[in-house]
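Chain by chain, the residues run as shown.
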Amino acid sequence: MNREVAEAYWKENISLILKLLVIWFIVSYGFGIIFLDELNAITFGGFKLGFWFAQQGAIYVFVVLVFVYAKKMEALEKKYDIHE
Amino acid sequence: MELQNLIYLFVGLSFALYIGIAIWARAGSTKEFYVAGGGVHPVLNGMATAADFLSAASFISLAGIISLKGSDGGAYLMGWTGGYVLLAMLLAPYLRKFGKFTVPDFVGDRYYSDLARTVAVVCVIFISFTYVAGQMRGVGIVFSRFLQVDINMGIYIGMGIVFVYAVLGGMKGVTYTQVAQYCVMLFAFTVPAIFLSLQVTESFLPQIGFGGTVAFEFDNGIKMIDSGNYLLHALDTSMTDLGFSAYTVSHDGTLNVFMLTAALMLGTAGLPHVIVRFFTTPTVRDARISAGWALMFLAIVYTQIPAVAGFARVNLLNNLQNVDYAKFVDGQIAGNDGAWFKNWENSGLIGWTDRNNDGKIQFGSGKAFEGQGKPIYINGNGSSGERMTSNSMPLHAKSAQEMRQNGEIINELYIDRDIIVLANPEIGGLPNWVIALMAAGGLAAALSTAAGLLLVISTSISHDLLGNVLMKDPVTGKSKLSEKAELLSARIAAVVAILVAGYLGIHPPGFVAQVVAFAFGLAAASFFPVIILGIFYKRMNKEGAIAGMLSGLIFTFGYIVYFVFMGGDKADYLWGIAPTGIGTIGMVLHFIVAIVVSKFTPAPPQEIQDLVENIRIPRGAGASHNH
């Protein structure tokens, strides 16, 4: 396999990871910790929003992120023809 | 059927299942022993990973911790799940492509250094043993309470079971047993959670009921809380009434919650027994998907845990506050049989002292017992039949009536947080088979994690230390041990590890809980950065890696030892950061030192740079296991 293909694939991988980790950071550290008090001003049902993110919401988003990453990487590997 | 017989039946059946699987999945080669032959289906591997990770601490203690800490408990939930996002994107696929057996394998090969390998082995062993001690205590608690055998006997039985499937089956036996154990745990956690959710909130799903309304009215000790109030609102009101801080409001401070969450997340992504799970899948693609399944299986349990914590708080208030002790434990109160209370009091994990002499239980903030807050029992019984203690807090002159008028509360109760989950079905008066299921689930959680850890320890000793350092042929660079000899040494190491773990369980160091912070902090400060740099920074060399690992480790180790074990003053905390979260700073330090040192030292050899390029590309992972 030639070098350019490997490097282009790696670049796309890194940029995908960075995008997903930004979301990862925002829902957990952002919503669940740093802006907890501000978001707690918003309620739905019995939940305060910040509290919900810290104890429920962030976890749901994490699951989605990992599956999205796996799916996108599969497509990426097909595109560069380096899948197994 | 009698509760005791049901418990024996459920626990016995689950044990028979584990042993059956172990015999079916015996390991015949080192590859099967270390990585289950590298052929585990990603969904099954996800389940096994979840069982491995759901420890006695998660299953038994976490709901209790959250029910105590309220909002700040979110750090554990986010920390222990968020780490899997990092694993799936930053570690698992590349380590799978690298295709060897252990974390020290990667560190030693990538940094072309036996010193780096040896530092890694020492970390693996230290992290894993601290963790295993906690599991053995979990086994002991479940056995002593539910099977009414001596704690030590319980630990011997637990050791025997783990011995059978870890020593015989290696990773292959452990993996398939863990699949069964996950199913037992999931069932054992979810069934009571659904029952409780229906009972407390009338909603079927705990995750929804948590945000729903309370189905009954209850006395919080100061005032009645009407039914139809939102559960979390009722908790906030009750907690503040009783002198605690509000349930849904953070009080540890943003910085400390942030640091703890980060240390737990990075630690999770750096734990050797978790990482090694991703060596067992057939392909790189499977390693990524498998991390997703693992996280999903974990999320099913972790999203229920805070709900169960909330239900437990409400049930404790409803069933205990201002209840007549003698009638309660004697089963004379309709719909509120306190036999469970007496059982846990007998095992020393609940204590009650009638400080205002009204025969009724009151609880609120503050200590009921002097010193550590735990009851110290002496012979004899008090006037209501409670066990006598020698360290009760002073009597209180005012009657409960007077105090209630003044909005005051005293605390007469000690409840060990480790029993909240185990006692929950009994507190809620759920059917006997649900309680029996809980016992089997608690044991599955402790045994599955213990087995995973013991395996990592034995592999580190036989493969990394013996095979790749001590018995290495200086000419060929290969191990002088034959495959058969290495397999035998792995089994002997597993036996020794089990004996040491059993010893730690029977003579627990008095600081099991604090020691867990150690495991995560050290994993965050040592393995996480060294692996990330090894994959994403081609220029990283052995000098940088060794300097980084040592500085991260020594800093984190020193900080925890100084403040937790040597009585360091809280006022001296670095930027106010508690030892539990210091691994995050250790991690940052590791990164900085490693990068700076590597800038001033020679680049790694060409074949190492080629190795890094190779692990970044998925193709060829199947072949890389056959090295």
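Residues numbered from 1 in each chain as written. Chains lettered and ligands numbered in written order. Predicted model: local features only at pLDDT ≥ 70, side-chain atom pairs only at ≥ 80, totals over all residues. Heavy atoms only, no water.

(A) Looking closely at the overall build of chain A. Per the secondary structure count, chain A includes 3 helices and 2 strands. From first element to last, N terminus to C terminus, chain A shows the α and β order α-α-β-β-α. In terms of overall dimensions, chain A is more spread out than a globule: its C-alpha atoms have a radius of gyration of 18 Å, far above the 12 Å expected for 84 residues. Along the longest, intermediate and shortest principal axes, the C-alpha atoms of chain A span 55 × 20 × 15 Å. Relative to its full complement of 84 residues, chain A shows a buried share of 50%. In chain A, the share of contacts with a sequence separation of at least 24, taken over all contacts with a separation of at least 6, comes to 61%. About 4,200 Å² of surface is accessible on chain A, with carbon and sulfur atoms providing 69% of the total. For chain A, the distance from the average position of its 8 positive side-chain charges to the average position of its 9 negative side-chain charges is 4 Å. (Helix = DSSP H or I, 4+ residues; strand = E, 2+ residues; numbered from the N terminus. Rg over C-alpha atoms; globule rule 2.2 N^0.38 Å. Buried < 20%, exposed > 50% of the residue type's maximum accessible area, 1.4 Å probe, protein only. Contact = heavy atoms within 4.5 Å. Areas by Shrake-Rupley, 256 points an atom, 1.4 Å probe, with all protein chains shown as cover. Lys, Arg positive; Asp, Glu negative; His and termini not counted. Charge placed at Lys NZ, Arg CZ, Asp CG, Glu CD.)

(B) Structural view of the interface of chain A and chain B. With 45 residues of chain A at the contact, the number on the chain B side is 56 residues. Of the roughly 4,300 Å² buried at the junction of chain A and chain B (both faces included), carbon and sulfur atoms supply 71%. Among the residues of chain A in contact with chain B, Trp10, Gln55 and Glu84 of chain A are the three that bury the most area, contributing 15% of the side total. Seen at the junction of chain A and chain B, the total is 4 salt bridges. A salt bridge links Glu613 of chain B to Arg3 of chain A; the shortest N-O distance between them is 2.7 Å. Here the side of chain A that touches chain B is composed, by residue class, of 30 nonpolar, 9 polar and 6 charged. (Buried area = accessible area lost by both parts, 1.4 Å probe. Salt bridge = Lys/Arg side-chain N within 4 Å of Asp/Glu carboxyl O. Nonpolar A, V, L, I, M, F, W, Y, C, P; charged D, E, K, R; others polar.)

(C) Structural view of unusual backbone geometry. All names here are of chain B. Not every positive phi belongs to a glycine, and Glu202 is a case in point at roughly 70°. Looking at the secondary structure, you find Glu202 in the loop between helix 8 (151-201) and helix 9 (206-209). By relative accessible area, which is 63% here, Glu202 ends up exposed. The backbone of Asn357 shows a phi angle near 55°, a positive value even though the residue is not glycine.

(D) Broad picture of the pairing of strand 4 (residues 377-381) of chain B. Residue and element names in this part refer to chain B. Examined bridge by bridge, strand 4 and strand 5 (residues 387-389) share 2 bridges and lie antiparallel to one another. When the bridges of strand 5 are listed, Tyr377 appears paired with Thr389. Between strand 4 and strand 5, which pair antiparallel one after the other, the connecting turn spans 5 residues, and Gly385 there sits at a positive phi close to 100°. (Pairing = 2+ DSSP bridges.)

(E) Layout of the domain arrangement of chain B. All names here are of chain B. For chain B, the assigned domains read domain 1 (3-208 + 258-310 + 432-624) and domain 2 (317-420). The gap between the C-alpha centroids of domain 1 and domain 2 is 39 Å. On the domain 2 side, the residues contacting the 8 residues of domain 1 number 7 residues. Summed over both sides, the interface of domain 1 with domain 2 buries roughly 890 Å², with 59% coming from carbon and sulfur. Counting across the interface, domain 1 meets domain 2 through 0 residue pairs in polar contact (both at pLDDT 80 or more). Mapped onto the side of domain 1 that touches domain 2, the elements with two or more residues apiece are helix 4 (56-69) and helix 7 (114-146). The element that contributes the greatest number of residues to the side of domain 1 that touches domain 2 is helix 4, accounting for 4 residues. (Domains from an automatic or database assignment. Polar contact = N/O pair within 3.5 Å; in protein donor to acceptor, adjacent residues only side chain to side chain.)

(F) Fine view of helix 23 (residues 542-565) of chain B. All names here are of chain B. The terminal C-alpha atoms of helix 23 lie 33 Å apart, and with 24 residues this matches the ideal 34 Å at 1.5 Å per residue to within 8%. Among all positions of helix 23, only Gly544, Ala545, Ile546, Gly548, Met549, Ser551, Gly552, Leu553, Thr556, Tyr559, Ile560 and Phe563 are buried. Gly567 sits one or two residues past helix 23 and shows a positive phi near 70°. (Expected span 1.5 Å × (residues − 1).)

(G) Structural context of the nonpolar core. Residue and element names in this part refer to chain B. Grouped together as the largest cluster of nonpolar side chains are 233 residues, with contacts concentrated most on Tyr302, Trp340, Phe341 and Ile531. No other element matches helix 8, which puts 21 residues into this core. Split by domain, the residues of this core number at least three in each of domain 1 (3-208 + 258-310 + 432-624) and domain 2 (317-420). (Core = buried A, V, L, I, M, F, W, Y, C linked by side-chain atoms within 4.5 Å.)

(H) The pattern of salt bridges, seen in detail. Per the counting criterion, the structure on display carries 13 salt bridges over all chains. In this structure, the salt-bridge partner of Glu74 of chain A is Arg285 of chain B, at a minimum N-O distance of 3.0 Å. A residue pair is termed interchain when its members come from two chains, as with Glu74 of chain A in helix 3 (residues 49-79) and Arg285 of chain B in helix 13 (residues 284-302). Owing to a relative accessible area of 37%, Arg285 of chain B belongs among the partly exposed residues under this scheme.

(I) Structural detail: helix 6 (residues 103-110) of chain B. Residue and element names in this part refer to chain B. For helix 6, a buried count of 8 out of 8 residues is recorded, marking the element as mostly surrounded by other parts of the structure. Listing the buried residues of helix 6 in full gives Val103, Pro104, Asp105, Phe106, Val107, Gly108, Asp109 and Arg110. Measuring from the side-chain oxygen of the N-cap residue of helix 6 to the backbone nitrogen of Asp105 gives 3.0 Å; that N-cap residue is Thr102.

(J) Local environment of the side chain of Asn315 of chain B. Residues and elements named next belong to chain B. Along the chain, Asn315 turns up in helix 14 (residues 305-320). The class for Asn315 is buried, based on a relative accessible area of 3%. When near neighbours in sequence (up to four residues on either side) are disregarded, Asn315 contacts Leu196, Gln199, Val200, Phe216, Leu320, Ile427 and Gly428.

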